[in-house]
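Chains, contacts and geometry: an overview
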Amino acid sequence: MLRTAPPGSPYHRLGRTDRHRWWKPIVGTLALLTSAAVVMGLLFIVAAVVGELANRPYDADGFPTFGPIPDTALLVASLALLLPLVLGTVWLVQRRPAGTVSSVLGRLRWGWLGRCLLIATPLIIVMLFGANLLLGLTDESSILDPVATWVGWPEFAAGLLMVLLLVPFQAAAEEYAFRGWLLQAVGAYLRTPWPGIAFQAVLFAAAHGWGSGWGFLDLVFMGVLLGWLTVRTGGLEAAIALHVVNNLSAFTVAAAFGGLSADETMADAPWQLVLVDVVALSAYALVIDRLAARRGLATVVPPALVVAVPGEPSALTGSEPQASNAGVESRG
């Protein structure tokens, strides 16, 4: 039998069901890391065997390469596999509905996700243009350099198709792993969300590499902001929307100008890009917070969320409840 957190529980406490035991978040984290390593390892072993049989050339790290688009697809797909692994860990180890890692309603709120996407898209586009402008004003290379050469329509179309098919799942998987599992794992022990928000933000930045220093700090800031928004809005939708739009924009630009094979991440960003990014992220958080409050978005488990039992849905009955105005304050 699957269990949900009691009514009134905020997002970061959704792992604190009546079946919670002190060891479950730890075992779940170890199981998630182990399964991710095994699945990704198998995926790359298969790619290596295929590359060897196809007599493909090797890259600097000793792996066979199939070209920028297939190599990027393999990397993105390996990260996207975190999504089912997180959902499976929630269900198998903590014995709660997998949807409780999505939101306090036990499911992904698709309408709210769509609104967040509409808000994130123009902000990210403005951020990219603003960063390019600031880089130009400070006599630095644009974000397209040093590979700012149009690849042509056939290659761009192939790269764009790969990006559209895989990148949303990769971005969502990172949100489910960091703002989802890790935030709720720490929240199972602590009433306040801030230690979990800080913990997952640092790990999120470290997972992208140390980079320029400025880029690392920007990733920490992004992790903190998205963690705060997740608790504040009661679900992952706002974080997923921003991450998906951000990654789609970056990968689309890379696909258009031959940058898919580049090793740089946001961790390598210069201070100009970081400055503009911080402003854009802050604006996004402000707009989302105001819109969520205006819509009365649920931020805690409502009384109508029933315990899931085999053969019965763990869904809400009735209309969506009004939001709590407690934000990320601790709850009993």
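All values derive from a computational prediction rather than experimental measurement.

**Side note on the nonpolar core**
- In terms of nonpolar packing, the biggest core is built from 80 residues, with Tyr-176, Leu-229, Ile-240, Tyr-284 and Ile-288 touching the most fellow members.
- Counting residues per element, this core draws most heavily on helix H5 (residues 153-187), at 14 residues.
- Once you skip the residues sitting within four places of it in the chain, Ile-288 turns out to touch Trp-112, Cys-116, Ile-119, Leu-229, Thr-233 and Ala-238.

**As for the packing of H5 against helix H7 (residues 214-233)**
- Where H5 contacts H7, the axes come no closer than 11 Å and their chain directions differ by 60 degrees. Note that H5 runs across H7; the crossing there is right-handed. On the side of H5, the interface is formed by Glu-175, Arg-179 and Leu-183, while H7 contributes Gly-223, Leu-226, Gly-227, Thr-230 and Val-231.

**Considerations on the packing of aromatic side chains**
- Scanning all chains against the criterion turns up seven aromatic pairs.
- Consider the rings of Phe-44 and Phe-63, whose centres lie 6.4 Å apart with planes at 55 degrees: the pair is tilted. Placement of the pair is Phe-44 in helix H1 (residues 24-53) and Phe-63 in the loop between H1 and helix H2 (68-80), with a sequence separation of 19 residues.
- Of the residues examined, Phe-44 reaches a relative accessible area of 30% and is grouped as partly exposed.
- Given a relative accessible area of 44%, Phe-63 falls into the partly exposed group.

**Remarks on H7**
- Across its 20 residues, H7 extends 28 Å between first and last C-alpha, which sits within 8% of the 28 Å expected from 1.5 Å per residue.
- For H7, the buried fraction is high: 15 of the 20 residues fall into the buried class.

**Structural notes on unusual backbone geometry**
- You will see that Asn-55, though not glycine, has its phi angle at about 60 degrees, which is positive.
- Residue position: Asn-55 is located in the loop between H1 and H2.
- Its identity is not glycine, yet Arg-95 carries a phi of approximately 55 degrees, on the positive side.
- Note that Arg-95 resides in the loop between helix H3 (82-92) and helix H4 (110-137).
- Judged by its relative accessible area of 21%, Arg-95 falls in the partly exposed class.

**A short note on the pattern of salt bridges**
- Throughout the structure, instances matching the rule amount to four salt bridges.
- When the shortest N-O distance is used, the salt bridge between Arg-109 and Glu-237 registers 2.8 Å. In this pair, Arg-109 sits in the loop between H3 and H4 while Glu-237 sits in helix H8 (residues 237-256), placing the two residues 128 residues apart along the sequence. Assigned by exposure class, Arg-109 and Glu-237 land together as buried.
- For the salt bridge of Arg-179 with Glu-175, the shortest nitrogen-to-oxygen distance reads 2.6 Å. Here the residue Arg-179 and the residue Glu-175 both occupy positions in helix H5, the gap between them amounting to four residues, near one helical turn. In this pair, the class of Arg-179 matches that of Glu-175, namely buried.

**Overview of the confidence of the model for the protein chain**
- Considering every residue of the protein chain, the mean pLDDT works out to 89; 89% of them sit at 70 or more.
- Confidence over residues 307-332 falls short of pLDDT 50; this stretch has 57 contacts with residues more than four positions distant or in other chains.

Rules and cut-offs
Residues numbered from 1 in each chain as written. Predicted model: local features only at pLDDT ≥ 70, side-chain atom pairs only at ≥ 80, totals over all residues. Heavy atoms only, no water. Core = buried A, V, L, I, M, F, W, Y, C linked by side-chain atoms within 4.5 Å. Buried < 20%, exposed > 50% of the residue type's maximum accessible area, 1.4 Å probe, protein only. Helix = DSSP H or I, 4+ residues; strand = E, 2+ residues; numbered from the N terminus. Contact = heavy atoms within 4.5 Å. Axes fitted to C-alpha atoms, helices over the stretch in contact; angles between N-to-C directions. Left-handed = near helix turned anticlockwise from the far one by under 90°. Phe/Tyr/Trp six-rings, centres within 6.5 Å; stacked < 30°, edge-to-face > 60°. Expected span 1.5 Å × (residues − 1). Salt bridge = Lys/Arg side-chain N within 4 Å of Asp/Glu carboxyl O. pLDDT = per-residue confidence, 0-100.

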